[in-house]
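Single-letter residue listing:
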Amino acid sequence: MCGIFAYLNYNVTRERRYILEVLFNGLRRLEYRGYDSAGISIDSSNLTSDPPLVFRQEGNIESLVKSVYHDVAATDLNLEESFSVHAGISHTRWATHGEPAPKNSHPQSSGAGNDFLVVHNGIITNYEVLKETLLRHGFTFESETDTEVIPKLAKFIFDKANEEDDQSVTFSQVVLEVIRHLEGAYALTFKSRHYPNELVACKRGSPLLLGVKDGGVSIYKFDQAKNNHGGTLSRPASVQRALSILEMEVEQINKGKYEHYMQKEIHEQPESLTTTMRGRLIRGGSCKAKTVLLGGLKDHLKTIRRSRRIVFVGCGTSYNAALAARSIVEELSGIPVTMEIASDLVDRQGPIYREDTAVFVSQSGETADTLLALEYALENGALCVGITNTVGSAIARHTHCGVHINAGCEIGVASTKQAYTSQIVVMAMLALAIGADTLSNQARREAIIDGLFYLPRKVKAVLKLDEEMKDLAKLLIAEQSLLVFGRGYNYASALEGALKVKEVALMHSEGILAGEMKHGPLALVDENLPIVVIATRDSCFSKQQSVIQQLHARKGRLIVMCTEGDKASVSVGGSSRVIEVPQVVDCLQPVINVVPLQLLAYHLTVLRGYNVDQPRNLAKSVTTQ
């Protein structure tokens, strides 16, 4: 999981200093995709005699920036030198093969002279076979990466062509021959001293966008359609792509008044939920029925209603969101719903049938395991529905139909607004749409629609618990473990709250189905272990009251989340704390209940001195298996 940024200025004069800053700023925007090492390659003053310059550094982007400017000063490289055409590549890495170190950073090189350089996102699964072949042909390897075989293979192919007196071999032809030998998922950008002022980019599985900045004003992106391989960034006539204006506002990717992206994104959830529902909730007038309009599904609803089952497929937080919505989808559709973790479905080749509807849930729309599961479901003839936040993503392109989440940009690695709260809302609307043809549940549907309408203001109200959760975090700062018990709709929130603490605060935490408490977890309970019990008002409330009493009887250190006004019903005295949250319709309560747990995870992380936006060993979009 890495970030690639390439910049080619064509017939536009730019100084070396400007080019460096463009590359650095590109990497800064992509740092959430990988941050254990980074590197860039820029042109030397004389490309015909000197190889491209390569800078690589362990650590974050700023470590690379300092290193480059130090090296530039040491070598008297002219930052004011101008280039009318220049091709630069850069990379920020999340280690998969080899520890974070300069030798394992990208760009990876073909060897002395930097004949070919490559930046890579993805994994080459057959790199060991390729490496053995290249070793037999006299190549030596410096890194532990799977990527290094790519530029060396490019040099091998180029040299062979020249030995055969084929002086006309193009850069694209070299790259096409390289990728013919590669297995796995990848997005690649190639640079070569043999082809000055050219970059070649290609992809298989991993995401890749090509952009055009026209006249310093408009920014566009290329629609990748369903073509798995890109062309050169200098846009030869043979490559045709549709252009669409990129509408993201700069403010969306800045922190604004907040100290961290995660903090900003937690507090943006009232707005992101509103955006997710905008134009989709129809409350009607006094004589009109309340309903939901999902344009991306309307032509497929009859097929979904005839399904023998609905299969939700996701990973991590997206899986938890689907789990939170499972019950209401079953209730309103009358169709059995099963849950699948994407990697497990693929590993065991679980049964998927033509009569199934498979719903693929992914914040980025590029999650590698989910994409493989999608491919598997398509092969088996299921109707495939995508739920993703990214227009034009692989899942959005390859599913038969779907719903865009429209939650806005999210930079923090630990997803909050995109891949839990807004996903639950989308799946609740999905349930409403599927069940809209059934008169018997009309009152229930209308109650949920009313609940959706008021949900953003309820989330805004629960965000007022920020200071209270900060105080709680101070009490837990030295703890090593946390248990979170949930039941019914709130089992998913227990899993998600524990996951957030685990992801960013680097604290062992476990979400547990409260009905399983006596089947093992109860052995962990003592006066020291902090335990969160989610006990808001729903059909499981009385059962959760019993859980609280049993934990208290064993001197459990309790933190109870309850509905406003229920403090007396759940209080057990002693060292227990009670968190009161607003009540909404039961199937939407997980959206409310997860917010205090998000805030707790955030404050625990900051108080412990960890990087809340870039947690250890994790990256935002998992585009490798």
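Conventions adopted
Residues numbered from 1 in each chain as written. Predicted model: local features only at pLDDT ≥ 70, side-chain atom pairs only at ≥ 80, totals over all residues. Heavy atoms only, no water. Helix = DSSP H or I, 4+ residues; strand = E, 2+ residues; numbered from the N terminus. Contact = heavy atoms within 4.5 Å. Areas by Shrake-Rupley, 256 points an atom, 1.4 Å probe, with all protein chains shown as cover. Polar contact = N/O pair within 3.5 Å; in protein donor to acceptor, adjacent residues only side chain to side chain. Phe/Tyr/Trp six-rings, centres within 6.5 Å; stacked < 30°, edge-to-face > 60°. Buried < 20%, exposed > 50% of the residue type's maximum accessible area, 1.4 Å probe, protein only. Pairing = 2+ DSSP bridges. Axes fitted to C-alpha atoms, helices over the stretch in contact; angles between N-to-C directions. Expected span 1.5 Å × (residues − 1). Parallel < 35°, antiparallel > 145°, perpendicular 65-115°, else oblique. Left-handed = near helix turned anticlockwise from the far one by under 90°. Nonpolar A, V, L, I, M, F, W, Y, C, P; charged D, E, K, R; others polar.

(A) Just the overall build of the protein, in detail. The number of helices and strands found in the protein is 19 helices and 23 strands. Once local pairs closer than 6 in sequence are excluded, the contacts in the protein between residues at least 24 apart make up 72%. Working note: accessible area of the protein is about 26,100 Å², and carbon and sulfur atoms make up 49% of it.

(B) Spotlight on the side chain of Ser 364. Mapped onto the elements of the fold, Ser 364 is located in the loop between strand S16 (356-362) and helix H11 (368-379). A polar atom in the side chain of Ser 364 sits 3.1 Å from the backbone nitrogen of Glu 366.

(C) The packing of aromatic side chains, seen in detail. Tallied over the full model, the rule gives seven aromatic pairs. Centroid distance Phe 171 to Tyr 195: 4.7 Å. Interplanar angle 10 degrees. Geometry classified as stacked. You can see Phe 171 sitting in helix H5 (residues 171-180) and its partner Tyr 195 sitting in the loop between strand S7 (184-192) and strand S8 (199-204), a full 24 residues away along the chain. Neither Phe 171 nor Tyr 195 differs from the other in exposure class; each is buried.

(D) Layout of unusual backbone geometry. Here the bond from His 106 into Pro 107 is cis, since omega is 10 degrees, no more than 30 degrees from zero. Relative to the helices and strands, Pro 107 resides in the loop between strand S4 (82-93) and strand S5 (108-109). The backbone phi angle of Asn 197 is positive, close to 65 degrees, even though this residue is not glycine. Examined against the element boundaries, Asn 197 turns out to sit in the loop between S7 and S8. The residue Lys 555 is not glycine, and still its phi comes out positive at about 65 degrees. As for its placement among the helices and strands, Lys 555 is situated in the loop between helix H17 (541-553) and strand S22 (557-563).

(E) Molecular detail of the sheet that holds strand S3 (residues 53-58). Read from one edge to the other, the open sheet built from four strands follows the order S1-S4-S2-S3, with strand pairing classed as antiparallel. The open sheet has two free edges, formed respectively by strand S1 (3-15) and S3, since each of these has just one partner strand. Strand-to-strand twist in this sheet, taken as the mean axis angle between neighbours without regard to direction, amounts to 10 degrees. Bridge analysis of strand S2 (residues 37-42) against S4 gives five bridges, and the strand direction is antiparallel. Looking across to S4, one finds that Gly 39 is bridged to His 91.

(F) Inspection of helix H19 (residues 589-608) at higher detail. End to end, H19 covers 30 Å across 20 residues, agreeing with the expected 28 Å (1.5 Å per residue, within 8%). Counting buried positions along H19 yields 18 of 20 residues, so the element is predominantly enclosed. One or two positions beyond H19, positive phi appears at Gly 609, with a value near 85 degrees.

(G) Main features of the environment of Gln 418. In this fold, Gln 418 is placed in helix H13 (residues 417-434). For Gln 418, a relative accessible area of 3% puts it in the buried group. In the structure, Gln 418 is positioned 149 residues away from Gln 269 in sequence and 8.7 Å away in space, judged by C-alpha atoms. Apart from residues no more than four positions distant in its own chain, Gln 418 is found in contact with Gln 363, Asn 389, Ile 405, Ala 407, Gly 408, Cys 409, Glu 410 and Gln 423.

(H) Quick look at the packing of helix H4 (residues 149-163) against H5. Remark: H4 packs on H5, axes separated minimally by 9 Å, with the N-to-C direction vectors making an angle of 120 degrees. In terms of orientation, H4 and H5 fall into the oblique class. Here H4 and H5 pass one another in a crossing that is right-handed. Residues Ile 150, Leu 153, Ala 154, Ile 157 and Phe 158 of H4 touch H5, and the partners they reach there are Val 174, Glu 177 and Val 178. Of the residues that constitute the contact of H4 with H5, the class distribution is seven nonpolar, no polar and one charged.

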